[in-house]
Amino acid sequence: MDKLEKNKFTEDYIENLQRITLKNFDDTSEKDKYDALCDTIMERINQEWRFSKNKSRYERTAYYFSAEFLIGRSLGNNLINLGIYDQVKDLLDELGIDFEAIEDYEDDAALGNGGLGRLAACFMDSAATQDINMYGYGVRYREGLFKQSFENGFQVEKGDSWIKDGDGWSIRVDSDSRIVKFKDQQVKAVPFDMPVVGYKNGKVNTLRLWQAEPFEEFEFERFNNFEYDAAVAKKNRAEDITRVLYPNDIQRAGRLLRLKQQYFFVSASIQDLVAKYKRYFSDDLRFKNFHKYHVIQLNDTHPNIAIAELIRVLVDENGLEFEEALDIAKKVFAFTNHTVLQEALEKWPIDIVEEVSPRCLEIIYKINDMLVKSFKEKGLTETEIDPYRIVIYDQVHMANLAIYVGFSVNGVAALHTEILKDDTFSHWYKIFPNKFNNKTNGITPRRWLVYANRPLSSFITEKLGNDNWKYNLDELKALEKFVDDESTLNELWNIKQVNKNRLASYILEHEGIKINPESIFDIQVKRIHEYKRQHLNVLHIIYLYHQLKKNPYMDFYPTTFIFGGKAAPGYFRAKGIIKLANEVARVVNNDPDVNKKLKVVFVENFRVSYGEKIYPAADVSEQISTAGKEASGTGNMKFMLNGAPTLGTLDGANIEIFDHAGEENNYRFGATVEQLNEIESSYNPRGIYQTNKDIKDAVDALVNGELDDNNSYMFLDIYNELINPQDGSRADRYFVLKDFQDYKNAHEKINKDYRDKLEWSRKCLMNIANAGYFSSDRTIIDYADDIWKIDSPNY
Ligand SMILES: *Cc1c(COP(=O)(O)O)cnc(C)c1O
């Protein structure tokens, strides 16, 4: 912004502020000031947004269907991408407004659980920045992911009505409302469009989120007859559909309402695409060119019923033959798988599918018949066909539907895609090898570095002499020339210290715990799940505590272990792990024998906006999942980009992080997938427990009275899982005890290495310099080139 424009911005801002509040500037609240800023920015975006929408109308476009978009806050990110962050901050400063204070009035849009939803949000940012036409389509949950607090160390969940005070970043587009028909209910789907601003390139893509509403607010007839409950019942039943995000990460929720949510947003979206196509290509009555303009990426199995819905709309509402419609679907859909854990692969009982959309069930049966017919022609027997069936044992297999119909199936990291091909979907890989491809996940450097880590961002720009790295992250590689430059390495150390100080103050203010900002910040933040093994981390802290108690003068560099993350409300053992970490924190932090050297903090309500403070402040990135279980991980990339070495297993994208940044700059530990597969059948965790005294002491602390779970039996449950086989499955399903010793050794090495400041900073620098590959810009360009062929003249 030049000087003149600056005055205009200030003028517009003050005008908006007074207009929306009907108050004089001095009488407005901080929330008013936030709202007005939002307004002013939306005005600025508007013209380019309309232009981008119009332009994409006649161009091939990707549609990213996802039940989750974990957006977080938009204010700071939009200012960064518009290229006016610093100027606006200064302008507000001149008006006596503290930007950071008003920023806090924005609630996170937490319309997702974890990595899968955050990936969708990063992809939106990257597609806009790389000038790729991409619409996001999803659900406007009125209640996002629950707010987490701790009472007595136990997780307590509260609602997250993120839009109760308004939502300045969405525009309600009533004129594009659609009707969604369920078996016994019809509702209105109202789209709310959010702008997705590309980084300083004038591109503004759209995230369209659907909200369910009744046709009429309520039935006046009934209201007048004092039948108040009945009058609002219908309204509630409609609104129920998009009332709340299911809080299960990984674990599927086999509930009728959940499938209704999925069908709701997918049906509205498909109708939207078809209606627009008919408007702009009115001569193509048989949709011969539909696939030239549309490719739909299915983010996991959640939106897969879109396949049946597209066929339904084309056949029932537009007169196409079933085969014609199926052929179109085969050219339009591509599928991304996000996990190999069995509990995640969606299978819907046919009666639930029937309850939601009998016609879609019928179409699914028809597709299944085609599959069986064509596989018989290939010479397969009935039983050989079983694993491919879309409908079997009265269940609909959503992955099979997408793999059969879709033209592309991708995993989200190299190892994960190999496991899909060799194991999870090996039968499909045999028949359709060409459908399978890998797209290693990424993260947007704008939110996770430029915005979240201002000091590091300025440092990089200064070192590289320009800021092209912000949209071409491979340019970070040039930082390698500073690996032996002492003053650069010292600067980097000091930047980390600034971020650690900031996090320490934030933690003091919000968690009430004082931590030593000069200790090693060893951080594990992510959803709580057994496969992610937060309990391995906690057991190791118990071990350290025992060592320090025995020998308070032990040579140990002060370390603060920081945890963050939510457990699904119904996941008892994950909640037990939270209680355990909090209990260890209570014991350790209150023990004067150790608390100068060892501290443990579990931050409440970890979410995107908390992550923006945490990732930049880490010295060690804990990525310790059981090998083969974490499909990719993206938290690992955020830490890497902000200069924290990874302490990790050979799992997901960790492997690629080690490859790019060098194993010598990170801390790899633990068994490989192959090793685990090999010992699987003979694994004896109790043997390890009995022979390794350190492990035994740590595990026994769960049940010998050292730690108190307030009679919840949560610690006994974890204890049993680790060493006692239970209902048919062996003990320690995630090989915690197997990897313990190796994990402990890696920690010892870190505790020594950290003391050599220069050598440590060198590792940090090498991680930053080699993070280019993990930009979601690279990922989205790979999707656009290999799967969507978005710029191909052949379409
Ligand atoms: C990045 C992110 C995740 C994913 O973290 P992983 O370590 O990859 O599981 C989850 N939640 C939030 C809020 C995130 O920002």
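This is a predicted model, so every value here is computed, not measured.

K.L.:
Looking at this structure, how should I read the site of the ligand?
P.N.:
Close contacts around the ligand come from 14 residues, with K526, K532, T634, G635 and K638 the closest. Within the backbone of T634, one N or O atom sits 2.8 Å away from an oxygen atom of the ligand. Between an oxygen atom of the ligand and a main-chain N or O atom of G635, the distance comes to 3.0 Å. Coverage of the ligand by the protein amounts to 95% of the 390 Å² it exposes when considered alone.

K.L.:
Even after reading the chapter, I still don't get the packing of helix α14 (residues 358–377) against helix α16 (residues 398–405), so can you show me in this structure?
P.N.:
Relative orientation and spacing of two packed helices are given, respectively, by the angle between their axes and the distance between those axes. Two elements in contact, α14 and α16, have axes whose closest approach is 11 Å; the angle formed by their N-to-C orientations is 60 degrees. By the angle class used here, α14 and α16 are oblique. Here the hand of the crossing between α14 and α16 comes out left-handed. Of α16, the residues touching α14 (which contributes I367, M370, L371, S374 and F375) are L401, Y404 and V405. Split into classes, the residues belonging to the contact of α14 with α16 amount to 7 nonpolar, 1 polar and no charged.

K.L.:
I tried to follow helix α4 (residues 85–94) on my own but got confused; where do I start?
P.N.:
Given 3.6 residues to a turn, an α-helix orients residues that are three or four positions apart in the same direction. Of the positions making up α4, those classed as buried are Y85, V88, L91 and L92. Within α4, the buried residues cover an arc of 130 degrees as seen down the axis, which keeps them to one side. Looking at α4, the residues exposed on the side facing more than 90 degrees away from the buried face are D93 and E94. Looking one or two places after α4, you find G96, whose phi comes out positive at around 80 degrees.

K.L.:
What should I look at first to understand the UniProt feature "modified residue: N6-(pyridoxal phosphate)lysine" (unreviewed entry) in the protein in this one?
P.N.:
The UniProt record annotates "modified residue: N6-(pyridoxal phosphate)lysine" (unreviewed entry) at K638. Assessed through its relative accessible area of 6%, K638 is described here as buried. If we skip the residues at most four places from it in the chain, K638 touches R118, I443, W448 and Y615.

K.L.:
Before we go on, may I ask you to explain the packing of helix α11 (residues 306–316) against α14 in this structure?
P.N.:
Orientation of α11 relative to α14, taken along the N-to-C sense of each, is 100 degrees, at an axis distance of 9 Å. Put simply, α11 runs roughly perpendicular to α14. Residue-level contacts link I307, A308, E309, I311, R312, V315 and D316 of α11 to R359, C360, I363, I364 and I367 of α14. Here the residues of the contact of α11 with α14 sort into 8 nonpolar, no polar and 4 charged.

K.L.:
Even after reading the chapter, I still don't get the domain arrangement of the protein, so can you show me in this structure?
P.N.:
Size of an interface, as often reported, equals the accessible area lost when the parts are brought together. Each assigned domain of the protein is listed here: domain 1 (57–72 + 108–441) and domain 2 (445–774). On a C-alpha basis, the centres of domain 1 and domain 2 stand 34 Å from each other. Opposite the 44 residues of domain 1 that make contact, domain 2 presents 46 residues. Counting the contacts that link domain 1 with domain 2 gives 3 salt bridges. There are 19 residue pairs in polar contact (both at pLDDT 80 or more) connecting domain 1 and domain 2. Those elements that provide at least two residues to the side of domain 1 that touches domain 2 are β2 (69–72), α6 (115–129), β5 (147–151), β6 (154–158) and α17 (414–424). Per-element tally for the side of domain 1 that touches domain 2: the top contributor is α6, with 7 residues. Taken together, the residues that form the side of domain 1 that touches domain 2 break down as 18 nonpolar, 18 polar and 8 charged.

K.L.:
What's the story with the environment of N710 in this structure? I'm lost.
P.N.:
Along the chain, N710 turns up in the loop between α29 (693–700) and α30 (714–723). For N710, a relative accessible area of 34% gives the class partly exposed. Note: C-alpha distance between N710 and T672 (38 residues apart in sequence) is 37 Å. Not counting chain neighbours up to four residues away, the residues in contact with N710 comprise N152, F154 and K579.

K.L.:
For this particular structure, what's the right way to read the pairing of β2?
P.N.:
Regular strands show a simple pattern: their side chains alternate between the two faces of the sheet. Along β2, one buried face is formed by F69 and I71 and the opposite face, lined by L70 and G72, is buried too. Here 3 bridges tie β2 to strand β3 (residues 109–111), and the two strands are oriented antiparallel to one another. Of the residues in β3, the one forming a bridge with L70 is A110.

K.L.:
Sorry, what's going on with the pairing of strand β10 (residues 204–213) here?
P.N.:
Across the 10 residues of β10, 10 count as buried, placing the element largely inside the fold. Judged by which residues are buried, β10 turns out to be covered on both faces: V204, T206, R208, W210 and A212 on one side and N205, L207, L209, Q211 and E213 on the other are all buried. Across 5 bridges, the pairing between strand β4 (residues 134–139) and β10 is parallel. Considered in β10, the bridge of G138 is made with L209.

Parameters and conventions
- Residues numbered from 1 in each chain as written.
- Predicted model: local features only at pLDDT ≥ 70, side-chain atom pairs only at ≥ 80, totals over all residues.
- Heavy atoms only, no water.
- Near = heavy atom within 4 Å.
- Polar contact = N/O pair within 3.5 Å; in protein donor to acceptor, adjacent residues only side chain to side chain.
- Areas by Shrake-Rupley, 256 points an atom, 1.4 Å probe, with all protein chains shown as cover.
- Axes fitted to C-alpha atoms, helices over the stretch in contact; angles between N-to-C directions.
- Helix = DSSP H or I, 4+ residues; strand = E, 2+ residues; numbered from the N terminus.
- Parallel < 35°, antiparallel > 145°, perpendicular 65-115°, else oblique.
- Left-handed = near helix turned anticlockwise from the far one by under 90°.
- Contact = heavy atoms within 4.5 Å.
- Nonpolar A, V, L, I, M, F, W, Y, C, P; charged D, E, K, R; others polar.
- Buried < 20%, exposed > 50% of the residue type's maximum accessible area, 1.4 Å probe, protein only.
- Arc of directions from axis to C-beta.
- UniProt positions renumbered as here; feature names shortened; annotations may be inferred.
- Domains from an automatic or database assignment.
- Salt bridge = Lys/Arg side-chain N within 4 Å of Asp/Glu carboxyl O.
- Pairing = 2+ DSSP bridges.

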